[in-house]
Amino acid sequence: MFEATVIELLEGAFICRTAYPDLFSYLEDEATRRQVDGYLTQIGRRLAATAHGEAYYAAHRAVGTRERTEIRSLFKEVKHELRPVLGFLNLIMQAQRADRTLGTGDVIDFPKTLLHISENPHLGEILRGFATLGKEFASSDASLRTLLDRLLQQMVKSGYLIPDRQGDRFEVTGKIDYFYEVVDFLAENEQAIREAQDQESEGETGRLF
């Protein structure tokens, strides 16, 4: 169990009770977390958890030049996912008539969600609008069923959902907790991030001459 846990962490997994129930239970033990963290320390990492303890992941213990590059790459990945995931959350909340956003362990019922979207033209337009976010959301078959399935499969691919065997129900993973933290960080530090990006762009431009 120790080896499997460390391997998943080093491969960038977010270990939660949805996606990795056995490994998550394993890490719920404090002595186990110390053991895993002790091993990760030897290779410059540490065991981290999302703010609400919904998922464990490996983070850098110190931040140097190489680590900044990796962290910047991860942030770019999440920022690339920002509009699709926020749009997905908005669509599902409206379809489910929920008064709170999705959290780890919440279940999306495909037939019920499709029915609610089919009954509401506004939700249908929101779903069709995902095609403008990239070819991975578009389809030659413009039916709502196909578009919803494509959207959910992209959320599975990005690690935010786990499907059941029939593909009728999708459970939200702990990565969503991490996503919320990144969104909050980006919102709170928007100006500083923009200035840092401008400085980086200027530096790259300067190196051209």
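From a predicted model like this one, the values you see are computed outputs, not experimental measurements. Sequence order sets the numbering: in each chain, residues are counted from 1 along the sequence as written. Only residues with pLDDT of at least 70 get local features here, since the model is predicted, and only at 80 or more are side-chain atom pairs given and counted; chain-wide, interface and lining totals rely on the full set of residues. Side-chain measures here rest on the full set of heavy atoms in the structure, leaving out hydrogens and waters.

A look at the packing of aromatic side chains
Step number 1: Here a Phe, Tyr or Trp ring, Trp counted by its six-membered ring, pairs with any other such ring whose centre lies within 6.5 Å, and the pair is stacked when the planes are under 30 degrees apart, edge-to-face when over 60, and tilted otherwise. On inspection of all chains with the given rule, the structure shows eight aromatic pairs.
Step number 2: Seen in terms of ring centroids, F24 and Y56 are 5.6 Å apart; in terms of plane orientation they differ by 45 degrees. Their pairing is tilted. Here F24, found in helix 2 (residues 21–27), pairs with Y56, found in strand 3 (residues 55–60); they are 32 residues apart in sequence, far enough to count as distant.
Step number 3: For every residue, the accessible area obtained with a 1.4 Å probe (protein chains only) is divided by the maximum for its type, and the residue is called buried under 20%, exposed over 50%, and partly exposed between those limits. Classification of Y56 by relative accessible area gives buried; the value is 7%.
Step number 4: Any Lys NZ or Arg CZ that is within 6 Å of a ring centre and within 35 degrees of that ring's normal is treated as a charge sitting over the ring. One Lys or Arg, K175, reaches over the ring of Y160 and ends 4.8 Å from the middle of that ring. A run of H or I in DSSP becomes a helix once it reaches four residues, and a run of E becomes a strand once it reaches two; helices and strands are each numbered from the N terminus.

Section: the nonpolar core
Step number 1: Grouped together as the largest cluster of nonpolar side chains are 29 residues, with contacts concentrated most on F88 and L127.
Step number 2: Among the secondary structure elements, those contributing two or more residues to this core are helix 4 (65–96), helix 5 (110–119), helix 6 (121–128), helix 7 (144–157), strand 6 (169–172) and helix 8 (175–188).
Step number 3: Residues grouped as a nonpolar core are buried Ala, Val, Leu, Ile, Met, Phe, Trp, Tyr and Cys residues, joined through side-chain atoms within 4.5 Å. Membership of the second largest hydrophobic core comes to 11 residues, among which are L9, L27, V36 and Y56.

Examining unusual backbone geometry
Step number 1: With a phi angle near 55 degrees, R97 is a residue other than glycine that sits in the positive phi range.
Step number 2: As for its placement among the helices and strands, R97 is situated in the loop between helix 4 and strand 4 (107–109).

Focus: the packing of helix 5 against helix 6
Step number 1: Throughout, an axis means a line fitted to C-alpha atoms (over the contacting stretch in the case of helices), and angles, computed between N-to-C directions, take values from 0 to 180 degrees. Viewed as axis vectors pointing N to C, helix 5 and helix 6 meet at an angle of 110 degrees, and their least axial separation amounts to 5 Å. Our classification of the angle between helix 5 and helix 6 gives roughly perpendicular. Packed against helix 5, whose contacting residues are H116, I117 and E119, the element helix 6 presents P121, L123, G124 and L127 at the interface.
Step number 2: Following the grouping adopted for this structure description, the nonpolar residues are Ala, Val, Leu, Ile, Met, Phe, Trp, Tyr, Cys and Pro, the charged ones are Asp, Glu, Lys and Arg, and the polar ones are all others, Gly among them. Partitioned by chemical class, the residues of the contact of helix 5 with helix 6 number four nonpolar, two polar and one charged. Every angle not falling under 35 degrees, over 145, or within 65 to 115 is termed oblique; those three ranges are roughly parallel, roughly antiparallel and roughly perpendicular. Here, two residues are considered to be in contact whenever any of their heavy atoms come within 4.5 Å of each other.

Brief notes about helix 6
Step number 1: Turning to helix 6, its buried residues number three or more, namely L123, G124, I126 and L127. Buried residues along helix 6 cover an arc of 160 degrees about the axis, so they all sit on one side. Within helix 6, the exposed residues directed more than 90 degrees away from the buried face are P121 and E125.
Step number 2: Pairing of N or O atoms within 3.5 Å defines a polar contact, subject to two protein rules: one partner must be a possible hydrogen donor and the other a possible acceptor, and residues neighboring in sequence count only if both atoms are side-chain atoms. Among the residues of helix 6, the N-terminal cap falls to N120, whose side-chain oxygen and the backbone nitrogen of H122 are separated by 3.0 Å. Here the arc refers to the directions that run from the helix axis out to each C-beta atom.

Overview of the pattern of salt bridges
Step number 1: Within this document, salt bridges are pairs made up of a side-chain nitrogen of Lys or Arg and a carboxyl oxygen of Asp or Glu, the two lying within 4 Å of each other. Tallied over the full model, the rule gives four salt bridges.
Step number 2: For R34, the salt bridge is made with E30, and the minimal N-O distance between the two is 3.3 Å. Of this pair, R34 and E30 are both found in helix 3 (residues 30–41), four residues apart, which corresponds to roughly one turn of the helix. By the burial criterion, R34 is exposed, and E30 matches it.
Step number 3: E125 serves as the salt-bridge partner of R128, at 3.4 Å between the closest nitrogen and oxygen. With R128 and E125 both in helix 6 and three residues apart, the pair spans about one turn of that helix.
Step number 4: Assessed through its relative accessible area of 38%, R128 is described here as partly exposed.

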